[in-house]
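Residue-level structure breakdown
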Amino acid sequence: MTWIAAVARLRARREPGVLVTVATVRGHAPREAGAKLVVGRTGTWGSIGGGNVEAVAIDRAREMIAASQTEPELMDFALNDKVTNRHGVQCCGGTVSVLLEPLPVVRAVAVFGVGHVGLELARVLARQDLDLHLIDSRADLLDDERLGVLADAVAQVHVHHTPLLPEEVLAELPPGTHVLIMTHDHAEDAALCDAALRTDHLGSIGLIGSAAKWARFRKRLATEGGHDDAAIDRIKTPIGLPDIAGKEPATIAVSVAADLLRTFESAGD
């Protein structure tokens, strides 16, 4: 498996890893500059030459994974028989620098409702390195032509057409997914709020709408849904930055996206 395929596999499995690259070589070394190794929690793919250099790099990579480290590191190795090594002697005679770059699990965001605001929000979020789930009960809003504006997305975009029960998608979302509820139907929004509060593995939950809408929802979540105040308070509404008052879809989308990025930062997510 190539290192590119290994990185893609870790991302698809939502597993952290470290990309290890031979950055510089002086003199003789087992591998040339640019050789790569991908390290996961339990597996490795590729090689930077074996021996002490590779073994130490793997050990350090797994320490970085365990510590959820996000900053890259540079390690230097002297390959001679006078150096005391943790994993045996390498006496090629050269020196090697190895770059370790963390591959964290990417964030995941689910947008329920891909109407005017939802599509504009998807366009903004698609520029971020994340897994973006777009869910709607209306098939025409998810067709390839309409979503063609996301063709150059940095994000991995996952489209879910749910004609009957959009809330069923919640159980399928990756752990820690941040949920934004903005469908065309208040009843659908209400059902999603109730289901989201019953789904333990989600991240933040945001709801678009007015204070009057939320007052009705809050009462129903308490009386019909049986949720206590602490649970209901998990839902943030309104979403977006409070000092941006524009009502154009693109303006709302930028505001909501900025608010979500701030949530990422405050949570260390």
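Remember, it's a predicted structure, so these values are computed and weren't measured experimentally.

Helix and strand content of the chain: seven helices and 11 strands. Expressed as a percentage of its 269 residues, the buried residues of the chain come to 42%. A separation threshold of at least 6 residues defines the contact pool for the chain, and within that pool the share at least 24 residues apart is 64%. Total accessible area computed for the chain in this model is approximately 13,700 Å², and 53% of it derives from carbon and sulfur atoms. Taken as two groups, the 27 positive and 36 negative side-chain charges of the chain have centres that lie 3 Å from each other.

A separate point is the pairing of strand β1 (residues 17-26). Bridge analysis of β1 against strand β2 (residues 36-40) gives five bridges, and the strand direction is antiparallel. In the strand pairing of β2, L19 is matched with V38. The pairing of β1 with strand β5 (residues 95-103) spans nine bridges and is antiparallel. Bridge pairing in β5 places T24 opposite S97.

Positionally, D259 belongs in helix α7 (residues 249-267). For D259, the contacting residues outside a window of four places in its chain are K236, I239, G240 and L241.

Right, let's get into a negative patch on the surface. Where like charges cluster on the molecular surface, the negative patch consists of D140, D143, D144 and E145. The residue D143 is located in the loop between β7 (130-136) and β8 (156-161) in this model. The exposure class assigned to D143 is partly exposed, which follows from its relative accessible area of 34%.

Cis peptide bonds are those with omega within 30 degrees of zero, and the linkage from T237 to P238 qualifies with -5°. Along the chain, the position of P238 falls in the loop between β11 (235-236) and α7. Its identity is not glycine, yet R14 carries a phi of approximately 55°, on the positive side. Topologically, R14 is positioned in the loop between α1 (3-13) and β1.

Here we come to the packing of aromatic side chains. Scanning all chains against the criterion turns up zero aromatic pairs. The side chain of K36 reaches across the aromatic face of W3, ending 5.1 Å from its centre.

The rules behind each value
- Within each chain, residues carry numbers counting from 1 in the order of the written sequence.
- For a predicted model such as this one, the threshold for reporting local features is a pLDDT of at least 70, and the threshold for listing and counting side-chain atom pairs is 80 or more; totals across whole chains, interfaces and linings nevertheless cover every residue.
- In computing side-chain values, all of the structure's heavy atoms are included and hydrogens and water are not.
- Put simply, DSSP H or I for four residues or longer makes a helix, DSSP E for two residues or longer makes a strand, and each gets a number counted from the N terminus.
- Whether a residue is buried, partly exposed or exposed follows from its accessible area with a 1.4 Å probe, protein chains only, as a fraction of its type maximum: under 20%, in between, or over 50%, in that order.
- Two residues form a contact once any of their heavy atoms are found within 4.5 Å.
- With residues, only the protein chains shown are counted as cover, and all accessible areas are computed by Shrake-Rupley using a 1.4 Å probe.
- Counted as positive: Lys and Arg. Counted as negative: Asp and Glu, with His and the chain ends omitted from the count.
- In plain terms, the charge of a residue is placed at NZ if it is Lys, CZ if Arg, CG if Asp and CD if Glu.
- Two strands pair if DSSP finds at least two bridges between them.
- Surface patches are defined over residues having more than 30% relative accessible area and no salt bridge, joining like charges when they lie within 9 Å and nonpolar side chains (Val, Leu, Ile, Met, Phe, Trp, Tyr) when within 5 Å.
- Only one rule defines a salt bridge in this text: a Lys or Arg side-chain nitrogen within 4 Å of an Asp or Glu carboxyl oxygen.
- Note on aromatic pairs: the rings of Phe, Tyr and Trp (six-membered ring only in Trp) are paired at centre separations within 6.5 Å, and the planes decide the class, stacked below 30 degrees, edge-to-face beyond 60, tilted for the rest.
- Whether a charge sits over a ring depends on NZ of Lys or CZ of Arg being within 6 Å of the ring centre and within 35 degrees of the ring normal.

Such coordinate-based values are descriptive only and should not be taken to indicate function.
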